Amino acid sequence: MKYKRSSRFFGSFSSVVAASLVLASCGGGSSGSGAPAPVPTSTPTPTPSPSTSAACSLRARQDWAFAQLNEWYVFPSLFDAAANPASYGSVDAYIDALVAPARAQNRDRHFTYLTSIAEEDAYYASGSTAGFGIRLGYDGVGRRVFVIESFEGAPALAANIDRGDEIIAIGTPGSAMQSVTALMTLGGSSAVVNALGPDDVNVARTLRIRSLSGAERDVTLTKADYALDPVSNRYGAKVLVDGSTRIGYINLRSFIDTAEPDLRAAFADFKAQGVTQLIVDLRYNGGGLISTAEAFGNLMAGGLDGQVYGYITYRDSKAANNESFRFAQQVESIQPTKIAFIGTGGTASASELLINGFVPYFHGNMALVGTNTYGKPVGQIALDRPECDDRLRALALKIENADHQGEYFTGLASVVPVTCRATDDLTHPIGDPAENMIATALDYLAGRSCSPISLTATASASLGVTGTAATRHILMQDGGSTIKREVPGSF
């Protein structure tokens, strides 16, 4: 996503598995050197179709990718410059080989990749994407797939498909349905992803839906363009009451440009209602624009004006780009006394930056509720080659908080002073005080006891359902569209 903290930088958090941080865009040409490009000030125009000239041949694109990474990659000692491009049939495969040493040390979990300039710019500007407008989770043991969230203005919610519904079979219109159990038995979660079809407008699928009541129905959905609402108008911002205490609840789906007005409106309401305790729900948030993470943090920064929010550090040869950024109190800012951050293994990048930024100031007055987070304290820059519609997301920087804490590759459960274990409860809507994660957050804020998050559990985007022993995961695929990188589990 874009980072508009200064006129020099823009970027985003995104990754193949969950999300990642993009801070700067060094665009144009084949060298990629020099200062990052200025921030776009209007909606990007479509990038021309990739050239078929020799400039965009496989080898030319591989050589260009090598030059960028050789110059900018944040772990130069973990970069395999000896990898032979002739041994790889795609730019992506060659990039994987170049950064394989860092991946072997869990420092680059597919955070470095090639994507499309046009498709990515469209998403970050407005959240525009094509799909059914649902987020899915799966139970690998039970071989089941569930809707964990539906997005407003998209086909699924219009067909009354929402959180807690189970998809039990998938087919194309007029064809025989394949049960999800059979698909997962034969090909695991990837078979379900493939059965749902490509992320293109007018792709249609018939889904057999089982509601929480047990009723079943067949629904044919057609993928369409829709704009993701980053703060749901159904449950994204509200004031909860626990006893006599008013608590601000905010759920952010993705750190995109259009989130800031919603965030400001929410905090203006919190301020007007005298809210001093917060629940910040980032349970599925795979990241986004650093500018939005900064704006969000500033709204919680009453009393922290001018204090260091974080540090950005590049490799030694690029140290001239290092800098810090500070909290800036806003008209809508509140001064919270306690904050409960809800997270899971699908909480990554910009989400983790936001949480980590408050650790030096809140100590025991903040908690991580849910499960361990993904663990991505590093970020990318955007290196563009417009003639080929190539954008290289190159891992190029590290992020630290004011205490220079930034080695949370195994997740934030070892960094946040207080943690409270909770499972994602699909039997209740998001925003419901009875939902298990929110109820646990309310317990923490009220001083009631909770069990800590296990530090030995892997941050694998797990989620559970109250009343069962099932462990579920967000349904994701390697690669895919920008929304699949930034909004884990979306289809």
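Below: a short report on this structure.

Thresholds applied
Residues numbered from 1 in each chain as written. Predicted model: local features only at pLDDT ≥ 70, side-chain atom pairs only at ≥ 80, totals over all residues. Heavy atoms only, no water. Helix = DSSP H or I, 4+ residues; strand = E, 2+ residues; numbered from the N terminus. Contact = heavy atoms within 4.5 Å. Areas by Shrake-Rupley, 256 points an atom, 1.4 Å probe, with all protein chains shown as cover. Disulfide = S-S within 2.5 Å. Buried < 20%, exposed > 50% of the residue type's maximum accessible area, 1.4 Å probe, protein only. 1 Å grid on protein atoms, 1.4 Å probe; cavity = no way out; pocket = protein on both sides within 12 Å on 5 of 7 lines; lining within 4 Å. Points joined across faces, edges and corners; volume = space filled by probe spheres on them. Nonpolar A, V, L, I, M, F, W, Y, C, P; charged D, E, K, R; others polar. Polar contact = N/O pair within 3.5 Å; in protein donor to acceptor, adjacent residues only side chain to side chain. Phe/Tyr/Trp six-rings, centres within 6.5 Å; stacked < 30°, edge-to-face > 60°. Lys NZ or Arg CZ within 6 Å of the ring centre and 35° of its normal.

### Observations regarding the overall build of the protein
Line of reasoning, step 1. In terms of helices and strands, the protein carries eleven helices and 22 strands.
Line of reasoning, step 2. Across the protein, every contact between residues at least 6 apart in sequence was considered, and the portion connecting residues at least 24 apart equals 72%.
Line of reasoning, step 3. Per element, the accessible surface of the protein, about 17,200 Å² overall, is 50% carbon and sulfur.

### A few points about the state of the cysteines
Line of reasoning, step 1. Scanning the entire structure with this criterion turns up two disulfides.
Line of reasoning, step 2. Sulfur-sulfur distance for the disulfide between Cys56 and Cys388 comes to 1.9 Å. The disulfide joining Cys56 to Cys388 has a torsion of about -95° about its S-S bond and is therefore left-handed. A residue pair is termed long-range when its members are at least 10 positions apart, and Cys56 in the loop between strand E1 (21-26) and helix H1 (58-72) and Cys388 in the loop between strand E18 (378-385) and strand E19 (390-400) qualify at 332 residues.
Line of reasoning, step 3. With a relative accessible area of 12%, Cys56 lands in the buried category.
Line of reasoning, step 4. In this model, Cys420 is linked to Cys450 through a disulfide, with the two sulfur atoms separated by 2.0 Å. Its S-S torsion of about -55° marks the bond between Cys420 and Cys450 as left-handed, since a negative value means left-handed. With Cys420 in strand E20 (residues 418-421) and Cys450 in the loop between helix H10 (436-445) and strand E21 (462-464), this residue pair connects regions lying 30 residues apart in the sequence.
Line of reasoning, step 5. Cysteines bonded in the protein are numbered consecutively along the chain; their disulfide partners then correspond to 1-2, 3-4.

### Considerations on empty space enclosed by the protein
Line of reasoning, step 1. Summed over the entire model, instances satisfying the criterion amount to three cavities of 30 Å³ or more.
Line of reasoning, step 2. Size it by volume and the largest cavity reaches roughly 40 Å³.
Line of reasoning, step 3. Arg135, Glu149, Asn251, Leu252, Arg253, Asp281, Leu282, Arg283, Tyr284 and Asn285 together form the lining of the largest cavity.
Line of reasoning, step 4. Taken together, the residues of the lining of the largest cavity break down into three nonpolar, two polar and five charged.

### Here's the deal with the side chain of Thr112
Line of reasoning, step 1. Tracing the backbone shows Thr112 in the loop between helix H3 (100-104) and strand E2 (113-116).
Line of reasoning, step 2. Polar side-chain contacts of Thr112 include one of 3.3 Å to the backbone nitrogen of Leu395.
Line of reasoning, step 3. Leave out the neighbours within four places in its chain, and Thr112 touches Leu69, Tyr73, Ile95, Val99, Arg103, Arg393, Ala394 and Leu395.

### Examining the packing of aromatic side chains
The geometry of an aromatic ring pair comes down to the distance between the two centres and the angle between the two planes.
Line of reasoning, step 1. By the definition in use, this model includes 17 aromatic pairs.
Line of reasoning, step 2. Between Tyr309 and Phe327, the ring centres sit 4.3 Å apart and the planes meet at 10°, which makes this aromatic pair stacked. Of this pair, Tyr309 sits in strand E14 (residues 308-314) while Phe327 is found in the loop between strand E15 (323-326) and strand E16 (338-343), placing the two residues 18 residues apart along the sequence.
Line of reasoning, step 3. On the basis of relative accessibility, which here comes to 1%, the residue Tyr309 falls in the buried class.
Line of reasoning, step 4. Here a set of aromatic residues connected by ring pairs shows up, and it is made of Tyr309, Phe325, Phe327, Phe341, Phe358, Tyr361 and Phe362.
Line of reasoning, step 5. It is Arg107 that lies over the ring of Phe409; its NZ or CZ is 4.1 Å from the centre.
Line of reasoning, step 6. Of note, Lys376 hangs over the ring of Phe111, and the distance from its end group to the ring centre comes to 4.5 Å.

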